[in-house]
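This is what each chain is made of:
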Amino acid sequence: MELTALIVKITTLTLIGFYVIFTLVIFNQVLVMNRIVMLNHASNLLKIIATVHIILAVSLFIAALVIL
Amino acid sequence: MEDIFVSPHHSKKEDAPMTRQDIEPELITKHHAHLFSSFCTDPHDVHFENQEEDEKILLFLRRHFITNISWIFITILLTLIPVLIPFLFPLLNLNISFVPTGLITISFLFYYLAIFSYALVSFMTWFYNIFIVTEQRIVDIDYSNTVIHNVAETKMTHIHDVNYTQVGFISSIFNYGNVFVQTAGSEVNFEALSAPKPREATKIIANLIGGKK
């Protein structure tokens, strides 16, 4: 049972870890696209949303690390 | 002998490339490009890479917002699925009591975060697919997904023709269509797909390249 729990924990953390990397890729894309085209308030709003997305993903990773 | 045909006199002004002042005034009204703008003439708060200091953007185009309806619908549907799970599992005689509560909580949160990223990427795909017309050139910014983007531009003098197609019931109702800009020689042709007010957009570009459509 302990081994199963460990496997589940490692799998979940790996998945969320990949997801965190994905959120960083999205954030990088927002920065790149904002350099190509700038729409004052809208571009900044999208940057904020992408940042919040990273924070949520990292929070989930930490939560999984603690709870599981 | 009396002349049978006298060619009309071309003034210097007619031969010169069109400028912003030559475009019909009703097509040029200053607008503020907000988050959901898909058709904006003379936007004052849009800038792009390599834009000259005196280069004014005349037209800003994106796909019509109604084209986002599919991913918005899918997002809402996916958001509602976990709400139905407590009712579905007893119906299907599935027992998940052996699964730790912590794992269920993390799974739910991960699921909703994945939906959020699906909506964000879908929105970005719409938001960053931009077609810009300035006094000097056309800039087509394509954003396909998180790893592919393409920026193409051509000078007004390289443009041969501009036309648009508006096919289908929905595109007629919401007044959107595909605007095609044909360039000279082996250069890529530009297209603004599902652009709102395609007739007006075509007219603006046509006026700029000199031939009134």
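This section reports on the structure supplied with the text.

Conventions used here
- Residues numbered from 1 in each chain as written.
- Chains lettered and ligands numbered in written order.
- Predicted model: local features only at pLDDT ≥ 70, side-chain atom pairs only at ≥ 80, totals over all residues.
- Heavy atoms only, no water.
- Helix = DSSP H or I, 4+ residues; strand = E, 2+ residues; numbered from the N terminus.
- Buried < 20%, exposed > 50% of the residue type's maximum accessible area, 1.4 Å probe, protein only.
- Contact = heavy atoms within 4.5 Å.
- Areas by Shrake-Rupley, 256 points an atom, 1.4 Å probe, with all protein chains shown as cover.
- Axes fitted to C-alpha atoms, helices over the stretch in contact; angles between N-to-C directions.
- Parallel < 35°, antiparallel > 145°, perpendicular 65-115°, else oblique.
- Left-handed = near helix turned anticlockwise from the far one by under 90°.
- Nonpolar A, V, L, I, M, F, W, Y, C, P; charged D, E, K, R; others polar.
- Pairing = 2+ DSSP bridges.
- Patch = residues over 30% accessible without salt bridge, like charges linked within 9 Å, V, L, I, M, F, W, Y side chains within 5 Å.
- Salt bridge = Lys/Arg side-chain N within 4 Å of Asp/Glu carboxyl O.
- Buried area = accessible area lost by both parts, 1.4 Å probe.
- Polar contact = N/O pair within 3.5 Å; in protein donor to acceptor, adjacent residues only side chain to side chain.
- Core = buried A, V, L, I, M, F, W, Y, C linked by side-chain atoms within 4.5 Å.

1. Here we look at the overall build of chain A
Part 1 of the argument: Each helix and strand counted, chain A has two helices and one strand in total.
Part 2 of the argument: Within chain A, the proportion of its 68 residues that are buried is 35%.
Part 3 of the argument: Partitioning the contacts of chain A with sequence separation of at least 6, the portion at a separation of at least 24 is 71%.
Part 4 of the argument: Here chain A has roughly 3800 Å² of accessible surface; of this, 79% comes from carbon and sulfur atoms.

2. Comments concerning the overall build of chain B
Part 1 of the argument: Looking only at helices and strands, one finds five helices and nine strands in chain B.
Part 2 of the argument: Of the regular secondary structure in chain B, the N- to C-terminal order runs α-β-β-β-α-α-β-β-β-β-α-β-β-α.
Part 3 of the argument: By residue count, 38% of the 213 residues in chain B fall in the buried class.
Part 4 of the argument: In chain B, 53% of the contacts between residues at least 6 apart in sequence involve partners at least 24 apart.
Part 5 of the argument: Surface exposure of chain B reaches about 12600 Å², of which carbon and sulfur atoms provide 63%.

3. What to know about the packing of helix 2 (residues 40-67) of chain A against helix 3 (residues 101-127) of chain B
Part 1 of the argument: Closest axis-to-axis distance for the helix 2 of chain A/helix 3 of chain B pair is 11 Å, and the angle between their directions is 160°. The angle between helix 2 of chain A and helix 3 of chain B places the two elements in the roughly antiparallel class. As for how helix 2 of chain A packs across helix 3 of chain B, the hand of that crossing is left-handed. Of the residues in helix 3 of chain B, those in contact with Ala42(A), Ser43(A), Leu46(A), Ile49(A), His53(A), Leu56(A), Ala57(A), Leu60(A), Ala63(A), Ala64(A) and Ile67(A) of helix 2 of chain A are Gly102(B), Ile106(B), Leu109(B), Phe110(B), Leu113(B), Phe116(B), Ser117(B), Leu120(B), Phe123(B), Met124(B) and Phe127(B).
Part 2 of the argument: Here the residues of the contact of helix 2 of chain A with helix 3 of chain B are counted per class, giving 18 nonpolar, four polar and no charged.

4. Focus on the sheet that holds strand 9 (residues 190-196) of chain B
Residue and element names in this part refer to chain B.
Part 1 of the argument: Spatially, three strands are ordered 7-8-9 in an open sheet, and the strand pairing comes out antiparallel. In this open sheet, the two strands that pair with only one neighbour each are strand 7 (159-165) and strand 9. Across the sheet, the axes of successive neighbouring strands diverge by a mean angle of 15°, strand direction being ignored.
Part 2 of the argument: Both strand 7 and strand 8 (residues 176-183) contribute to a ladder of six bridges, which runs antiparallel. Paired with Asp161 across the bridge in strand 8 is Gln182.
Part 3 of the argument: Packing against the sheet, helix 5 (residues 198-209) makes contact with strand 7, strand 8 and strand 9, and its axis sits at approximately 170° to strand 7.

5. Focus on the pairing of strand 9 of chain B
Residue and element names in this part refer to chain B.
Part 1 of the argument: Across the seven residues of strand 9, five count as buried, placing the element largely inside the fold.
Part 2 of the argument: In terms of strand pairing, strand 8 meets strand 9 through five bridges, oriented antiparallel. Looking across to strand 9, one finds that Gly177 is bridged to Ala195.

6. Observations concerning a nonpolar patch on the surface
Part 1 of the argument: A surface patch of nonpolar side chains, about 660 Å² in accessible area, is lined by Leu84(B), Phe87(B), Leu88(B), Leu91(B), Leu92(B) and Leu94(B).
Part 2 of the argument: By the element assignment, Leu84(B) lies in helix 2 (residues 69-91).

7. Topic: the interface of chain B and chain A
Part 1 of the argument: Contacts between chain B and chain A engage 34 residues on the former and 33 residues on the latter.
Part 2 of the argument: In total, about 2800 Å² of surface goes out of reach between chain B and chain A, with carbon and sulfur atoms giving 82% of it.
Part 3 of the argument: Considering only the surface of chain B that becomes buried against chain A, Ile106(B), Leu113(B) and Tyr128(B) emerge as the three largest contributors, covering 22% of it.
Part 4 of the argument: Inspection of the region where chain B meets chain A yields zero salt bridges.
Part 5 of the argument: Summed over the shared surface of chain B and chain A, the number is five residue pairs in polar contact (both at pLDDT 80 or more).

8. Topic: the packing of helix 1 (residues 2-36) of chain A against helix 3 of chain B
Part 1 of the argument: Where helix 1 of chain A contacts helix 3 of chain B, the axes come no closer than 12 Å and their chain directions differ by 20°. Judged on the interaxial angle alone, helix 3 of chain B and helix 1 of chain A are roughly parallel. When you trace helix 1 of chain A past helix 3 of chain B, the crossing you get is left-handed. Taken together, the residues of helix 3 of chain B that come into contact with helix 1 of chain A (itself represented by Val8(A), Thr12(A), Leu15(A), Ile16(A), Tyr19(A), Phe22(A), Ile26(A), Gln29(A) and Val30(A)) are Leu103(B), Ile106(B), Phe110(B), Leu113(B), Ala114(B), Ser117(B), Leu120(B), Val121(B) and Met124(B).
Part 2 of the argument: When its residues are assigned to classes, the contact of helix 1 of chain A with helix 3 of chain B shows 15 nonpolar, three polar and no charged.

9. A short note on the nonpolar core
Part 1 of the argument: Core analysis: the largest hydrophobic core is formed by 31 residues, its most contacted members being Val37(A), Leu39(A), Phe127(B), Tyr128(B) and Ile132(B).
Part 2 of the argument: At the level of secondary structure, the elements contributing two or more residues to this core comprise helix 1, strand 1 (37-39) and helix 2 of chain A together with strand 2 (46-48), strand 3 (57-61), helix 3, strand 4 (130-134) and strand 5 (137-143) of chain B.
Part 3 of the argument: With seven residues, helix 3 of chain B is the single largest residue contributor to this core.
Part 4 of the argument: Setting aside residues no more than four positions away along its own chain, Ile132(B) makes contact with Val37(A), Val46(B), Phe48(B), Ile57(B), Leu59(B), Phe60(B), Arg137(B), Ile138(B), Val139(B) and Ile141(B).
Part 5 of the argument: The next biggest cluster of nonpolar side chains, apart from the first, holds 21 residues, and it includes Leu58(B), Leu59(B), Phe131(B) and Val179(B).

Note that all results are geometric; they support no functional claim without further evidence.
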